[in-house]
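These are the residues of each chain, in order.
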Amino acid sequence: FMEGQDHMMGTRSCFIVGFPSAGKTSFLAALAYSLEQRETPTRLKWEQFSGNQQYLVKLAETWCAGSQVPRTMLNTQQDALHLGLIDTDGSTYDVTFPDLSGETFQAQYIDREIRQSLAKMVRDSGSFLLFLNPEKIIEPTLITNLPSNTRHSEDAESIEGRKRNPLDDDSTAAQLVVLLQDFLALRNWQRFQLGVVVSAWDIVKDDYRLPQDFVKQHLPLLWQYLVSNSDVLFTRYYGVSAQGGSLQSPEEAECLVEQFEDQPLHRILVVNESGIVSHDITLPLWEMMGAQTEDETL
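Visitor: Kindly report on the packing of aromatic side chains, identifying the contributing residues and their values.
Guide: Within this structure, the stated rule accounts for nine aromatic pairs. Seen in terms of ring centroids, Phe-15 and Phe-105 are 6.1 Å apart; in terms of plane orientation they differ by 80°. Their pairing is edge-to-face. You can see Phe-15 sitting in strand E1 (residues 8-17) and its partner Phe-105 sitting in helix H3 (residues 102-111), a full 90 residues away along the chain. Neither Phe-15 nor Phe-105 differs from the other in exposure class; each is buried. Grouping aromatic residues by their ring pairs yields a cluster made of Phe-15, Phe-105, Phe-128, Phe-183 and Phe-192.

Put into structure tokens, the structure is as follows:
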């Protein structure tokens, strides 16, 4: 931050993007717990509650108990969550972000439509967090790997004798690039801050030291798009394990909670694009907020 800058940063907005099971709500649950607890220092803390306090408190309790955070559905999504936050430098932030279902973004991709309220949020947001689940990525199929009859078919909507399903047949990278193109178009190609979050980092951390290496390897089209449009997409990369391990069975969840009973936040794993490891899940949000401030001072 600039020396002598007013500690009141004003309203900051962060738009959270991701398809179903990308890790958005798990991130918010760990974030809610991190903000409210006082035992372990984090870059951001709650200064005051605002908005849907009950929803965030419930997420925090679910995370602390080691329970599976229920996936956000269309009928439970939150169009606007408001947080009054303060960082370790004493700067305050009025942060707004949505907790939208992944189906919302899938519908946008398929229908090529976006409701007006959502479009306004995209235009007004100063930063975006894009979530990817390593276990849910559809990698592109090479033309040479398709059966001969499919390659020579004149029916572009048919794949291996069946009707094409965009959500199953289009690569994850292609779908995400289309969403980013939509967002840039809605903002008249004005620059914005983008944090790419590889969720469930505990699954891939033994194979990849840096989150951008994973994106480059498994989503090359997305990687190329982000690099080619770096003048309007200021991108940072994060590997995040919000849960810290598997919660697939009650035994696994109980073992995980007991292991970190004295320091629950140590379940969390955050790796930035420089390979620095932390247990502070507030860092990606704080860096996005700070980047907005830097943009305003250019």
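On we go from here.
Visitor: Kindly report on helix H10 (residues 220-228), identifying the contributing residues and their values.
Guide: Among the residues making up H10, those that are buried are Leu-222, Tyr-225 and Leu-226. Along the long axis of H10, the arc covered by the buried residues comes to 95°, so they all point the same way.

Visitor: A description of the side chain of Asn-133 should follow, citing residues and the corresponding values.
Guide: On the secondary structure map, Asn-133 appears in the loop between strand E5 (127-132) and helix H5 (148-151). Looking at Asn-133, the relative accessible area reads 13%, which means it is buried. Polar side-chain contacts of Asn-133 include one of 2.9 Å to the backbone nitrogen of Glu-135.

Visitor: For the packing of helix H1 (residues 24-36) against helix H2 (residues 53-64), give the residues involved together with the corresponding values.
Guide: Running from amino to carboxyl end, H1 crosses H2 at an angle of 95°, the nearest separation of the two axes being 8 Å. Looking at the two axes, H1 sits roughly perpendicular to H2. Along its contact with H1, which presents Thr-25, Leu-28, Ala-29, Ala-30, Ala-32, Tyr-33 and Glu-36, the element H2 presents Tyr-55, Leu-56, Leu-59, Ala-60, Trp-63 and Cys-64. When grouped by side-chain class, the residues that make up the contact of H1 with H2 number eleven nonpolar, one polar and one charged.

Visitor: Quick one: what's the story with unusual backbone geometry, residue by residue and with numbers?
Guide: For Arg-112, which is not glycine, the phi dihedral falls at a positive 60°. As for its placement among the helices and strands, Arg-112 is situated in the loop between H3 and helix H4 (116-124). Judged by its relative accessible area of 46%, Arg-112 falls in the partly exposed class. Notably, Asn-188 is not glycine yet its phi reads approximately 55°, a positive angle. Mapping Asn-188 onto the fold places it in the loop between helix H7 (172-186) and strand E8 (192-198).

Visitor: Quick rundown of the layout of surface pockets? Include the residues and the values.
Guide: Empty space within the largest pocket amounts to approximately 700 Å³. Lining the largest pocket are 35 residues, and of these Ser-21, Ser-26, Gln-68, Asn-133 and Gln-243 lie nearest its centre. Counting only elements with at least two residues in the lining of the largest pocket, the list comes to H1, helix H8 (201-204) and strand E9 (233-241). The leading source of residues in the lining of the largest pocket is H1, at four residues.

Visitor: Can you break down the environment of Ala-32 residue by residue, with the values?
Guide: Note that Ala-32 resides in helix H1. Taking C-alpha positions, Ala-32 is 8.9 Å from Trp-63, a pair spaced 31 residues apart along the chain. Non-local contacts of Ala-32, meaning those with residues more than four positions away in its chain, are made with Trp-46, Leu-56 and Ala-60.

Rules used in this analysis
- Sequence order as written defines the numbering, with residues in each chain counted from 1.
- Confidence filtering applies because this is a predicted model: local features only for residues at pLDDT of at least 70, side-chain atom pairs given and counted only at 80 or more, and all residues used for totals across whole chains, interfaces and linings.
- Values shown for side chains rest on all heavy atoms present in the structure; no hydrogens or waters enter the calculation.
- Centres within 6.5 Å are what make two rings of Phe, Tyr or Trp a pair, Trp counting through its six-membered ring; a difference in plane orientation under 30 degrees is then read as stacked, over 60 as edge-to-face, and the rest as tilted.
- Note on conventions: DSSP H or I runs of at least 4 residues are helices, E runs of at least 2 residues are strands, and numbering of each starts at the N terminus.
- A 1.4 Å probe rolled over the protein chains alone gives each residue an accessible area, and that area as a share of the maximum for its type sets the label: buried under 20%, exposed over 50%, partly exposed in between.
- Note that the arc is defined by the directions from the helix axis to the C-beta atoms.
- Here a polar contact is taken to be a pair of N or O atoms separated by no more than 3.5 Å, where protein atoms must pair a possible hydrogen donor with a possible acceptor and residues adjacent in sequence count only if both atoms sit in side chains.
- Fitted lines through C-alpha atoms give the axes, limited to the stretch in contact for helices. The angle between two N-to-C directions lies from 0 to 180 degrees.
- Every angle not falling under 35 degrees, over 145, or within 65 to 115 is termed oblique; those three ranges are roughly parallel, roughly antiparallel and roughly perpendicular.
- Should any heavy atoms of two residues lie within 4.5 Å, those residues are considered in contact.
- When residues are grouped by polarity, Ala, Val, Leu, Ile, Met, Phe, Trp, Tyr, Cys and Pro land in nonpolar, Asp, Glu, Lys and Arg in charged, and all others, Gly among them, in polar.
- Residues are called lining when one of their atoms sits within 4 Å of a cavity or pocket point, these points coming from a 1 Å grid over the protein atoms alone, where a cavity is a set in which a 1.4 Å probe fits but cannot get out and a pocket is an open set with protein on both sides within 12 Å along at least five of seven lines.
- Grid points are joined across faces, edges and corners, and a volume is the space filled by probe spheres set on the points.

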